[in-house]
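What follows is the residue order along each chain.
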Amino acid sequence: EGMKFKVPFFSKVSTYNSVSTIAITNDESLIDTASSSRPPLAITFADNYGGNMQASWRVRLSTDPVKLEMMHQEVKNQKNLEGNTFMTFSRDMLNLTTDQFLAQDFMQGGKGAFKQRLQDQADYGMLQTKREKVEVVAQVADQGLDGKRNDNATSKQFAYKVVIQLDKEGVPLRRAHSLAKYGIQVSQVDLGGFTPNKDLEDYVNTIKFREKARASQIADQRTEREKAVTAQLKGETTRITAKNKALMLKDQEVIAGDKQVELATIQAKREIVERQKVSDLAVIDKNREQQVRKQTTNLLYSKPKLLFKLV
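Anyway, here's the lowdown on the structure attached to this text. In this text the structure is predicted, and so the values were computed from the model without any measurement.

1. Describing the overall build of the chain
And then number 1: A tally of regular secondary structure across the chain gives seven helices and nine strands.
And then number 2: Counting all 311 residues of the chain, 23% fall into the buried class.
And then number 3: When the accessible surface of the chain is split by element, carbon and sulfur atoms take 54% of a total near 22700 Å².

Take a look at the structure:
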(Lines give C-alpha, C1' and ligand atoms only; values in the text may rest on other atoms or scores of the structure.)
Protein backbone atom coordinates (compact mmCIF):
# COMPACT_ATOMS: atom_id res chain seq x y z
CA GLU A 1 0.00 0.00 0.00
CA GLY A 2 1.10 3.52 -0.66
CA MET A 3 3.53 4.94 -3.23
CA LYS A 4 6.45 2.84 -4.45
CA PHE A 5 9.55 3.56 -6.58
CA LYS A 6 10.98 0.96 -8.93
CA VAL A 7 14.34 1.06 -10.65
CA PRO A 8 13.72 -0.01 -14.27
CA PHE A 9 15.10 -3.41 -15.32
CA PHE A 10 16.67 -3.99 -11.90
CA SER A 11 13.68 -4.61 -9.55
CA LYS A 12 10.23 -6.22 -9.52
CA VAL A 13 7.19 -5.34 -7.38
CA SER A 14 4.58 -8.02 -6.45
CA THR A 15 1.21 -6.67 -5.32
CA TYR A 16 -1.04 -8.50 -2.87
CA ASN A 17 -4.54 -7.60 -1.70
CA SER A 18 -4.50 -6.95 2.03
CA VAL A 19 -8.10 -8.24 2.27
CA SER A 20 -9.54 -10.98 0.05
CA THR A 21 -12.82 -12.88 -0.19
CA ILE A 22 -12.82 -16.59 -0.96
CA ALA A 23 -16.13 -17.89 -2.30
CA ILE A 24 -17.22 -21.48 -2.90
CA THR A 25 -20.55 -20.84 -4.52
CA ASN A 26 -22.62 -20.62 -7.67
CA ASP A 27 -24.16 -17.29 -6.64
CA GLU A 28 -23.29 -14.86 -9.45
CA SER A 29 -23.47 -11.76 -7.25
CA LEU A 30 -21.01 -13.25 -4.76
CA ILE A 31 -18.73 -14.48 -7.50
CA ASP A 32 -18.51 -10.98 -8.99
CA THR A 33 -17.39 -9.43 -5.67
CA ALA A 34 -15.08 -12.24 -4.53
CA SER A 35 -11.33 -12.22 -5.03
CA SER A 36 -11.40 -15.89 -5.98
CA SER A 37 -14.23 -18.38 -6.39
CA ARG A 38 -15.02 -21.93 -7.36
CA PRO A 39 -18.23 -24.00 -7.72
CA PRO A 40 -19.91 -25.60 -4.67
CA LEU A 41 -17.75 -28.27 -3.05
CA ALA A 42 -18.83 -31.89 -2.78
CA ILE A 43 -18.45 -32.86 0.90
CA THR A 44 -19.03 -36.05 2.90
CA PHE A 45 -20.13 -36.15 6.54
CA ALA A 46 -18.89 -38.60 9.15
CA ASP A 47 -21.72 -41.04 8.40
CA ASN A 48 -20.80 -41.16 4.68
CA TYR A 49 -23.73 -39.04 3.52
CA GLY A 50 -22.99 -35.83 1.66
CA GLY A 51 -23.91 -33.17 -0.85
CA ASN A 52 -22.73 -29.86 -2.29
CA MET A 53 -21.77 -27.13 0.18
CA GLN A 54 -21.42 -23.37 -0.35
CA ALA A 55 -19.40 -21.05 1.90
CA SER A 56 -17.24 -17.94 1.86
CA TRP A 57 -14.35 -16.55 3.91
CA ARG A 58 -12.95 -13.06 4.28
CA VAL A 59 -9.21 -13.13 5.02
CA ARG A 60 -6.70 -10.44 5.97
CA LEU A 61 -2.95 -10.61 5.33
CA SER A 62 -0.47 -10.23 8.16
CA THR A 63 1.24 -6.89 8.77
CA ASP A 64 4.42 -8.64 9.92
CA PRO A 65 7.14 -8.10 7.23
CA VAL A 66 8.87 -11.36 8.10
CA LYS A 67 5.67 -13.41 7.56
CA LEU A 68 4.83 -11.45 4.42
CA GLU A 69 8.30 -12.19 3.01
CA MET A 70 7.94 -15.88 3.86
CA MET A 71 4.51 -15.96 2.19
CA HIS A 72 5.89 -14.22 -0.92
CA GLN A 73 8.82 -16.62 -1.18
CA GLU A 74 6.39 -19.58 -1.20
CA VAL A 75 3.45 -18.33 -3.28
CA LYS A 76 5.24 -15.78 -5.55
CA ASN A 77 2.15 -13.73 -6.49
CA GLN A 78 -1.49 -12.90 -5.72
CA LYS A 79 -2.85 -15.32 -8.31
CA ASN A 80 -1.02 -18.28 -6.78
CA LEU A 81 -2.08 -17.13 -3.31
CA GLU A 82 -5.71 -17.20 -4.32
CA GLY A 83 -5.67 -20.25 -6.55
CA ASN A 84 -3.52 -22.51 -4.40
CA THR A 85 -3.28 -21.33 -0.80
CA PHE A 86 -6.74 -19.79 -0.30
CA MET A 87 -8.61 -22.47 -2.22
CA THR A 88 -6.69 -25.26 -0.52
CA PHE A 89 -7.52 -23.72 2.85
CA SER A 90 -11.23 -23.41 2.03
CA ARG A 91 -11.43 -26.97 0.68
CA ASP A 92 -9.63 -28.44 3.70
CA MET A 93 -11.69 -26.34 6.12
CA LEU A 94 -14.97 -27.59 4.68
CA ASN A 95 -13.90 -31.22 4.33
CA LEU A 96 -12.36 -31.47 7.79
CA THR A 97 -15.32 -29.74 9.43
CA THR A 98 -17.94 -31.88 7.70
CA ASP A 99 -16.00 -34.93 8.86
CA GLN A 100 -16.77 -33.78 12.43
CA PHE A 101 -20.56 -33.81 11.92
CA LEU A 102 -23.23 -36.37 11.14
CA ALA A 103 -25.43 -35.61 8.16
CA GLN A 104 -28.55 -36.25 10.24
CA ASP A 105 -27.49 -33.67 12.85
CA PHE A 106 -26.61 -31.13 10.16
CA MET A 107 -29.94 -31.57 8.36
CA GLN A 108 -31.97 -31.40 11.57
CA GLY A 109 -31.02 -27.97 12.87
CA GLY A 110 -27.23 -28.28 12.93
CA LYS A 111 -26.30 -25.62 10.38
CA GLY A 112 -25.75 -22.98 13.06
CA ALA A 113 -23.41 -25.26 15.00
CA PHE A 114 -21.59 -26.08 11.75
CA LYS A 115 -20.99 -22.39 11.00
CA GLN A 116 -19.77 -21.77 14.56
CA ARG A 117 -17.36 -24.69 14.22
CA LEU A 118 -15.99 -23.19 10.98
CA GLN A 119 -15.38 -19.82 12.63
CA ASP A 120 -13.92 -21.41 15.76
CA GLN A 121 -11.42 -23.47 13.78
CA ALA A 122 -10.53 -20.48 11.60
CA ASP A 123 -9.74 -18.49 14.76
CA TYR A 124 -8.04 -21.09 16.97
CA GLY A 125 -7.04 -23.99 14.71
CA MET A 126 -8.47 -27.28 13.54
CA LEU A 127 -9.96 -29.56 16.20
CA GLN A 128 -8.73 -33.13 16.41
CA THR A 129 -11.65 -35.54 16.41
CA LYS A 130 -12.26 -39.27 16.46
CA ARG A 131 -15.23 -41.40 15.48
CA GLU A 132 -16.20 -43.48 18.51
CA LYS A 133 -18.95 -45.89 19.50
CA VAL A 134 -20.94 -44.30 22.33
CA GLU A 135 -24.04 -45.19 24.32
CA VAL A 136 -27.10 -43.07 23.60
CA VAL A 137 -30.64 -42.97 24.95
CA ALA A 138 -33.31 -43.57 22.32
CA GLN A 139 -37.07 -43.13 22.65
CA VAL A 140 -39.33 -46.16 22.29
CA ALA A 141 -43.08 -46.61 22.20
CA ASP A 142 -45.30 -47.08 25.24
CA GLN A 143 -45.61 -50.59 26.62
CA GLY A 144 -48.24 -50.31 29.34
CA LEU A 145 -51.48 -48.72 30.45
CA ASP A 146 -50.25 -47.30 33.71
CA GLY A 147 -49.15 -44.03 32.13
CA LYS A 148 -45.63 -44.21 33.63
CA ARG A 149 -43.65 -43.36 30.51
CA ASN A 150 -40.48 -42.71 32.50
CA ASP A 151 -40.14 -46.44 33.05
CA ASN A 152 -40.49 -47.60 29.47
CA ALA A 153 -40.19 -44.58 27.16
CA THR A 154 -36.46 -44.83 26.50
CA SER A 155 -33.84 -47.49 25.97
CA LYS A 156 -30.05 -47.52 25.83
CA GLN A 157 -28.54 -48.07 22.39
CA PHE A 158 -25.15 -47.64 20.75
CA ALA A 159 -24.29 -45.23 17.95
CA TYR A 160 -21.20 -43.75 16.34
CA LYS A 161 -20.45 -40.13 17.23
CA VAL A 162 -17.61 -37.78 16.30
CA VAL A 163 -15.86 -36.98 19.58
CA ILE A 164 -13.43 -34.07 20.06
CA GLN A 165 -10.14 -35.26 21.52
CA LEU A 166 -8.96 -33.63 24.75
CA ASP A 167 -5.61 -33.36 26.45
CA LYS A 168 -4.91 -34.26 30.10
CA GLU A 169 -6.24 -30.88 31.23
CA GLY A 170 -9.50 -31.33 29.31
CA VAL A 171 -8.58 -28.78 26.64
CA PRO A 172 -9.49 -29.68 23.03
CA LEU A 173 -6.53 -30.76 20.91
CA ARG A 174 -5.95 -28.55 17.87
CA ARG A 175 -3.57 -28.05 14.98
CA ALA A 176 -2.98 -24.84 13.08
CA HIS A 177 -4.67 -24.42 9.69
CA SER A 178 -2.70 -23.77 6.53
CA LEU A 179 -2.99 -19.95 6.64
CA ALA A 180 -1.76 -19.60 10.23
CA LYS A 181 1.93 -19.89 9.36
CA TYR A 182 1.64 -16.77 7.19
CA GLY A 183 -0.17 -14.82 9.92
CA ILE A 184 -3.28 -14.56 7.75
CA GLN A 185 -6.45 -13.95 9.80
CA VAL A 186 -9.93 -15.16 8.87
CA SER A 187 -12.16 -12.26 9.88
CA GLN A 188 -15.51 -13.59 8.67
CA VAL A 189 -17.09 -16.94 7.75
CA ASP A 190 -20.41 -17.26 5.94
CA LEU A 191 -22.18 -20.53 5.27
CA GLY A 192 -24.17 -20.69 2.05
CA GLY A 193 -26.70 -23.18 0.80
CA PHE A 194 -26.39 -26.94 0.96
CA THR A 195 -27.79 -29.37 -1.57
CA PRO A 196 -27.95 -32.95 -0.24
CA ASN A 197 -27.38 -35.84 -2.59
CA LYS A 198 -30.19 -38.33 -3.21
CA ASP A 199 -28.99 -40.85 -0.62
CA LEU A 200 -28.92 -38.22 2.10
CA GLU A 201 -32.27 -36.80 1.05
CA ASP A 202 -33.86 -40.27 1.12
CA TYR A 203 -32.19 -40.99 4.49
CA VAL A 204 -33.51 -37.78 6.07
CA ASN A 205 -36.99 -38.36 4.65
CA THR A 206 -36.94 -41.90 6.04
CA ILE A 207 -35.96 -40.61 9.49
CA LYS A 208 -38.70 -37.99 9.36
CA PHE A 209 -41.24 -40.63 8.35
CA ARG A 210 -40.17 -42.95 11.16
CA GLU A 211 -40.23 -40.17 13.74
CA LYS A 212 -43.66 -39.11 12.54
CA ALA A 213 -44.91 -42.71 12.67
CA ARG A 214 -43.41 -43.19 16.15
CA ALA A 215 -44.93 -39.94 17.36
CA SER A 216 -48.29 -40.99 15.91
CA GLN A 217 -47.97 -44.40 17.57
CA ILE A 218 -47.13 -42.84 20.92
CA ALA A 219 -50.05 -40.42 20.54
CA ASP A 220 -52.42 -43.29 19.68
CA GLN A 221 -51.21 -45.32 22.65
CA ARG A 222 -51.59 -42.32 24.93
CA THR A 223 -55.14 -41.81 23.62
CA GLU A 224 -56.05 -45.47 24.14
CA ARG A 225 -54.52 -45.40 27.61
CA GLU A 226 -56.53 -42.31 28.48
CA LYS A 227 -59.68 -43.98 27.13
CA ALA A 228 -58.99 -47.02 29.31
CA VAL A 229 -58.43 -44.80 32.32
CA THR A 230 -61.62 -42.88 31.51
CA ALA A 231 -63.61 -46.11 31.22
CA GLN A 232 -62.15 -47.30 34.50
CA LEU A 233 -63.04 -44.02 36.17
CA LYS A 234 -66.56 -44.17 34.73
CA GLY A 235 -66.96 -47.71 36.08
CA GLU A 236 -65.75 -46.59 39.49
CA THR A 237 -68.11 -43.61 39.33
CA THR A 238 -71.05 -45.88 38.47
CA ARG A 239 -70.11 -48.26 41.25
CA ILE A 240 -69.71 -45.48 43.78
CA THR A 241 -73.00 -43.92 42.66
CA ALA A 242 -74.83 -47.25 43.05
CA LYS A 243 -73.21 -47.80 46.43
CA ASN A 244 -74.15 -44.32 47.56
CA LYS A 245 -77.71 -44.87 46.35
CA ALA A 246 -77.94 -48.16 48.27
CA LEU A 247 -76.54 -46.44 51.34
CA MET A 248 -79.10 -43.66 50.96
CA LEU A 249 -81.95 -46.19 50.74
CA LYS A 250 -80.56 -48.01 53.74
CA ASP A 251 -80.27 -44.75 55.62
CA GLN A 252 -83.87 -43.94 54.69
CA GLU A 253 -85.02 -47.32 55.96
CA VAL A 254 -83.07 -46.86 59.18
CA ILE A 255 -84.47 -43.39 59.62
CA ALA A 256 -88.00 -44.68 58.94
CA GLY A 257 -87.50 -47.52 61.41
CA ASP A 258 -86.13 -45.17 64.03
CA LYS A 259 -89.07 -42.89 63.46
CA GLN A 260 -91.52 -45.76 63.93
CA VAL A 261 -89.77 -46.80 67.11
CA GLU A 262 -89.80 -43.26 68.35
CA LEU A 263 -93.51 -42.90 67.53
CA ALA A 264 -94.25 -46.20 69.23
CA THR A 265 -92.28 -45.08 72.27
CA ILE A 266 -94.20 -41.81 72.40
CA GLN A 267 -97.49 -43.66 71.97
CA ALA A 268 -96.58 -46.06 74.75
CA LYS A 269 -95.64 -43.19 77.03
CA ARG A 270 -98.91 -41.48 76.15
CA GLU A 271 -100.90 -44.62 76.95
CA ILE A 272 -99.05 -44.95 80.22
CA VAL A 273 -99.92 -41.37 81.09
CA GLU A 274 -103.55 -41.92 80.13
CA ARG A 275 -103.76 -45.10 82.19
CA GLN A 276 -102.10 -43.38 85.11
CA LYS A 277 -104.61 -40.57 84.79
CA VAL A 278 -107.52 -43.04 84.78
CA SER A 279 -106.04 -44.81 87.77
CA ASP A 280 -105.58 -41.57 89.63
CA LEU A 281 -109.17 -40.56 88.84
CA ALA A 282 -110.42 -43.91 90.09
CA VAL A 283 -108.53 -43.45 93.33
CA ILE A 284 -109.92 -39.97 93.71
CA ASP A 285 -113.47 -41.20 93.02
CA LYS A 286 -113.06 -44.02 95.50
CA ASN A 287 -111.76 -41.70 98.18
CA ARG A 288 -114.62 -39.32 97.51
CA GLU A 289 -117.17 -42.11 97.85
CA GLN A 290 -115.63 -43.23 101.08
CA GLN A 291 -115.73 -39.70 102.42
CA VAL A 292 -119.37 -39.30 101.49
CA ARG A 293 -120.26 -42.66 103.01
CA LYS A 294 -118.47 -41.75 106.21
CA GLN A 295 -120.26 -38.44 106.47
CA THR A 296 -123.64 -40.13 105.92
CA THR A 297 -122.94 -42.70 108.57
CA ASN A 298 -121.98 -40.04 111.06
CA LEU A 299 -125.26 -38.21 110.48
CA LEU A 300 -127.31 -41.31 111.01
CA TYR A 301 -125.75 -42.30 114.30
CA SER A 302 -125.28 -38.93 115.89
CA LYS A 303 -127.61 -37.92 118.95
CA PRO A 304 -130.24 -35.25 118.37
CA LYS A 305 -129.62 -31.94 120.05
CA LEU A 306 -132.27 -29.94 121.84
CA LEU A 307 -132.56 -26.42 120.78
CA PHE A 308 -134.08 -23.94 123.11
CA LYS A 309 -135.44 -20.68 122.09
CA LEU A 310 -136.09 -18.00 124.69
CA VAL A 311 -139.24 -16.02 124.18
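2. Side note on the pattern of salt bridges
And then number 1: A complete count under the given rule lists five salt bridges for this structure.
And then number 2: Where aspartate 202 meets lysine 198, a salt bridge forms, and the shortest distance between an N and an O atom there is 2.8 Å. In this pair, aspartate 202 and lysine 198 both sit in helix α7 (residues 198-301), four residues apart, roughly one turn of the helix.
And then number 3: Here aspartate 202 falls in the partly exposed class, since its relative accessible area comes to 34%.
And then number 4: Linking lysine 227 and glutamate 224 is a salt bridge whose minimum nitrogen-to-oxygen distance equals 3.9 Å.

3. Here we look at helix α5 (residues 111-124)
Helical geometry: 3.6 residues make up each α-helical turn, so side chains three or four residues apart lie on a common side.
And then number 1: Helix length check: α5 (14 residues) gives 20 Å between terminal C-alpha atoms against 20 Å at 1.5 Å per residue, within 8%.
And then number 2: Three or more residues of α5 are buried, namely Phe114, Arg117, Leu118, Gln121 and Ala122. The arc enclosing the buried residues of α5, seen along the axis, measures out at 130 degrees, which places them on a common side. Across α5 from its buried face, at more than 90 degrees, point the exposed residues Gln116 and Tyr124.
And then number 3: One or two steps after α5, the chain reaches glycine 125, where phi turns positive at roughly 110 degrees.

4. Focus: the packing of aromatic side chains
And then number 1: Taken as a whole, this structure holds seven aromatic pairs when the rule is applied.
And then number 2: When the ring of tyrosine 49 is compared with that of tyrosine 203, the centres are 4.5 Å apart and the planes differ by 15 degrees; the resulting orientation is stacked. Taken together, the positions of tyrosine 49 in the loop between β3 (41-44) and β4 (50-60) and tyrosine 203 in helix α7 put the pair 154 residues apart, joining distant regions of the chain.
And then number 3: Relative accessible area serves as the criterion here: at 24%, tyrosine 49 is assigned to the partly exposed category.
And then number 4: Three or more aromatic residues link up through ring pairs in this structure, and these residues are Phe45, Phe101, Phe106, Phe114 and Phe194.

5. Remarks on the side chain of histidine 177
And then number 1: In this fold, histidine 177 is placed in the loop between β8 (174-175) and β9 (185-196).
And then number 2: Looking at histidine 177, its side chain comes within polar contact range of the main-chain oxygen of alanine 122, at 3.0 Å.
And then number 3: Setting aside anything within four residues of it in sequence, one finds histidine 177 in contact with Phe89, Gln121, Ala122, Met126 and Ile184.

6. What about the packing of helix α3 (residues 78-98) against α5?
And then number 1: Packing of α3 against α5 leaves a shortest axis separation of 10 Å and a crossing angle of 125 degrees. Taken as axis vectors, α3 and α5 run oblique relative to one another. The two elements α3 and α5 cross, and the hand of that crossing is right-handed. Contacts between α3 and α5 involve Met93, Leu94, Thr97 and Thr98 from the first element and Phe114, Arg117, Leu118, Gln121 and Ala122 from the second.

7. Concerning the pairing of β3
And then number 1: By the alternation rule, side chains of β3 split into Leu41 and Ile43, which are all buried, and Ala42 and Thr44, of which none is buried.
And then number 2: With four bridges connecting them, β3 and β4 associate as antiparallel partners. By the bridge assignment, isoleucine 43 is partnered in β4 with glycine 51.
And then number 3: With antiparallel pairing between neighbouring strands as the criterion, β3 and β4 make up a hairpin whose turn holds five residues, including asparagine 48 at a positive phi of roughly 70 degrees.

8. Concerning the side chain of glutamine 78
And then number 1: Position of glutamine 78 among the secondary structure elements: in helix α3.
And then number 2: A distance of 2.7 Å separates the side chain of glutamine 78 from the side chain of glutamate 82, its partner in a polar contact.
And then number 3: Here glutamine 78 is in contact with Thr15, Tyr16, Asn17 and Ser20, once residues within four sequence places are set aside.

9. A look at the environment of leucine 179
And then number 1: Take leucine 179: it is sitting in the loop between β8 and β9.
And then number 2: For leucine 179, a relative accessible area of 0% corresponds to the buried category.
And then number 3: Between the C-alpha atoms of leucine 179 and phenylalanine 86, which are 93 residues apart in sequence, the distance is 7.9 Å.
And then number 4: Contact partners of leucine 179, with chain neighbours within four places excluded, come to Val59, Thr85, Phe86, Phe89, Ile184 and Val186.

The rules behind these values
Residues numbered from 1 in each chain as written. Predicted model: local features only at pLDDT ≥ 70, side-chain atom pairs only at ≥ 80, totals over all residues. Heavy atoms only, no water. Helix = DSSP H or I, 4+ residues; strand = E, 2+ residues; numbered from the N terminus. Buried < 20%, exposed > 50% of the residue type's maximum accessible area, 1.4 Å probe, protein only. Areas by Shrake-Rupley, 256 points an atom, 1.4 Å probe, with all protein chains shown as cover. Salt bridge = Lys/Arg side-chain N within 4 Å of Asp/Glu carboxyl O. Expected span 1.5 Å × (residues − 1). Arc of directions from axis to C-beta. Phe/Tyr/Trp six-rings, centres within 6.5 Å; stacked < 30°, edge-to-face > 60°. Polar contact = N/O pair within 3.5 Å; in protein donor to acceptor, adjacent residues only side chain to side chain. Contact = heavy atoms within 4.5 Å. Axes fitted to C-alpha atoms, helices over the stretch in contact; angles between N-to-C directions. Parallel < 35°, antiparallel > 145°, perpendicular 65-115°, else oblique. Left-handed = near helix turned anticlockwise from the far one by under 90°. Pairing = 2+ DSSP bridges.

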